[in-house]
Amino acid sequence: MTTVRIGAVGYLNARPHVYGLDRSPRFQVRFDVPSKCAELLHEGRVDLGLIPAIEYLRGHYAIVPDISIASDGDVATVAVFTRQPLERVETLALDLSSRSSVALTRVLCAKKWKIDPKFTPAEPDLEAMLRRADAALVIGDPAFEVDAAKHNVTRIDLGAEWKALTGLPFVYAMWVGRPDAATPAQCRALTQARDAGVAHLPRIAKQVANGNARQEQRVLSYLRDNLKYGLGKTEQAGLRRFLELAAEIGVVPGPEPLRFYGR
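Right, let's walk through the structure included here. Numbers given to residues run from 1 along each chain, matching the order in which its sequence is written. The predicted origin of the model limits local features to residues at a pLDDT of at least 70 and limits the giving and counting of side-chain atom pairs to 80 or more, whereas totals for whole chains, interfaces and linings rest on all residues. Heavy atoms throughout the structure, all of them, feed into the side-chain values; hydrogens and water do not.

## Here's the deal with the overall build of the protein
Then, in step 1: A run of H or I in DSSP counts as a helix once it spans at least four residues, and a run of E counts as a strand once it spans at least two, with each numbered from the N terminus. Across its full length, the protein carries ten helices and eleven strands.
Then, in step 2: The C-alpha atoms of the protein give 18 Å as radius of gyration, which agrees with the globular expectation for 263 residues (18 Å, within 12%).
Then, in step 3: By principal-axis analysis of the C-alpha atoms, the protein measures approximately 55 × 45 × 30 Å.
Then, in step 4: Partly exposed residues are those whose accessible area sits between 20% and 50% of the maximum for their type, while under 20% is buried and over 50% is exposed, using a 1.4 Å probe and protein chains only. Expressed as a percentage of the 263 residues in the protein, the buried residues total 55%.
Then, in step 5: For this analysis, residues touch if any pair of their heavy atoms sits within 4.5 Å. Long-range contacts, defined as pairs at least 24 residues apart, comprise 79% of the intrachain contacts of the protein with a sequence gap of at least 6. With C-alpha atoms as the basis for the radius of gyration, the globule rule is written as 2.2 Å multiplied by the number of residues raised to the power 0.38.

## A word on helix α1 (residues 34-42)
Side chains of residues three or four places apart in an α-helix project in the same direction, reflecting 3.6 residues per turn.
Then, in step 1: Of all the residues in α1, the buried ones are Pro34, Ser35, Cys37, Ala38, Leu40 and Leu41.
Then, in step 2: Phi turns positive one or two residues past the end of α1, at Gly44, with a value near 75 degrees.

## Observations regarding the nonpolar core
Then, in step 1: In this text, buried Ala, Val, Leu, Ile, Met, Phe, Trp, Tyr and Cys residues form a nonpolar core when linked through side-chain atoms within 4.5 Å. Counting 86 residues, the largest nonpolar core has Leu48, Trp113, Leu137, Trp175, Leu223 and Phe242 as its most contacted members.
Then, in step 2: Sequence-distant contacts of Leu223, that is, excluding residues within four places in its chain, are made with Leu12, Pro16, Leu201, Ile204 and Tyr229.
Then, in step 3: One finds Met129, Leu130, Ala143 and Val146 within the second-largest nonpolar core, a separate group that totals 13 residues.

## Quick look at the sheet that holds strand β9 (residues 135-139)
Each strand in a sheet pairs with its neighbour through backbone hydrogen bonds, running either in the same direction (parallel) or in the opposite one (antiparallel).
Then, in step 1: Strand pairing follows a simple DSSP-based rule, namely that at least 2 bridges must link the two strands. With respect to topology, five strands assemble into an open sheet ordered β8-β7-β9-β6-β10, the strand pairing being mixed. Of all strands in the sheet, those bounded by a partner on one side alone are β8 (118-122) and β10 (154-157). For this sheet the average axis-to-axis angle between neighbouring strands, irrespective of direction, equals 25 degrees.
Then, in step 2: Contacting β6 (78-82), β7 (91-95), β8, β9 and β10, helix α2 (residues 99-113) crosses the sheet at an angle of about 150 degrees to β7.
Then, in step 3: Taken strand by strand, helix α6 (residues 158-166) contacts β6, β9 and β10, and its axis lies near 50 degrees from that of β10. Axis geometry follows a simple rule: fit a line to the C-alpha atoms, using only the stretch in contact for helices, then measure angles between N-to-C directions, giving values from 0 to 180 degrees.

## Things to note about the packing of aromatic side chains
Then, in step 1: To pair, rings of Phe, Tyr and Trp, with the six-membered ring standing in for Trp, must have centres within 6.5 Å; the planes then decide the type, stacked if under 30 degrees apart, edge-to-face if over 60, and tilted in the middle. Under the counting rule described, the total for this entry stands at five aromatic pairs.
Then, in step 2: A ring pair is formed by Phe144 and Tyr222, whose centres lie 4.9 Å apart and whose planes are at 40 degrees; its orientation type is tilted. Taken together, the residues Phe144 in helix α4 (residues 140-145) and Tyr222 in helix α9 (residues 213-226) connect sequence positions 78 residues apart. There is no split in this pair, since Phe144 and Tyr222 are both buried.
Then, in step 3: As a reminder, the over-ring test applies to NZ of lysine and CZ of arginine, requiring each to be within 6 Å of the ring centre and within 35 degrees of the ring normal. Above the ring of Phe144, the side-chain terminus of Arg218 is found at 3.9 Å from the ring centroid.

Next up, the structure:
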């Protein structure tokens with residue numbers, strides 16, 4: 001049996017997708033931030049990566065069918081935080097952990113908020129970001145933990161903003177690799193892992209919360225209510241629209257057709 005090297009996101013939102021994979025002889029798993037997962041795939045150091053959706057355009061890749069990290073409205077872990085009204089934002093600090101979230105921010109600035117701020121890269125430390133910029137993009141677990149009232153900021157959820165702009169779900173990440181990197185059986189194994197993870201969301205929330213009952217309920221609500229785990233027709237439509245808009249504003253050279261394993 002060939003072992004597939006996979007690069008998975010270490011954030012909470014990926015937990016259901018990797019449920020039990022660390023114990024599977026089919027896969028060798030490593031965990032990183034989304035942008036690092038993409039780098040490893042582009043460099044050939046993993047066979048499949050749970051990578052930011054925008055990174056699909058950086059190679060001749062295929063997508064594992066029917067699996068994604070997506071939202072259909074509020075996502076809770078991808079947000080711009082600001083102490084200024086959006087129309088007055090002139091500088092925006094970007095957490096570069098996920099290039100899809102950066103591209104989504106740029107699309108929303110151009111297409112929805114109608115602003116043209118100066119973008120600056122930054123580590124995901126909200127207070128430090130807001131000392132150097134009017135607003136800040138923070139993603140993943142750091143965004144989930146931000147107490148907006150404590151920091152005296154307005155949270156602008158990018159999943160909700162995308163839904164308001166397009167009426168479509170937003171796909172943040174999916175399993176992607178070279179066209180020969182995964183067999184149908186390996187794709188089924190990833191689907192089965194996802195299905196098992198979704199079936200055990202309460203267990204995942206309990207493990208993450210480590211005895212904190214309030215945190216357990218918050219994590220469970222996020223995993224159950226904010227996230228979507230499939231890649232059906234509406235998610236694919238949202239993904240295509242995102243790639244089209246990113247190309248329109250010059251973030252990527254041009255969209256590619258969606259290619260799937262086994263199709």
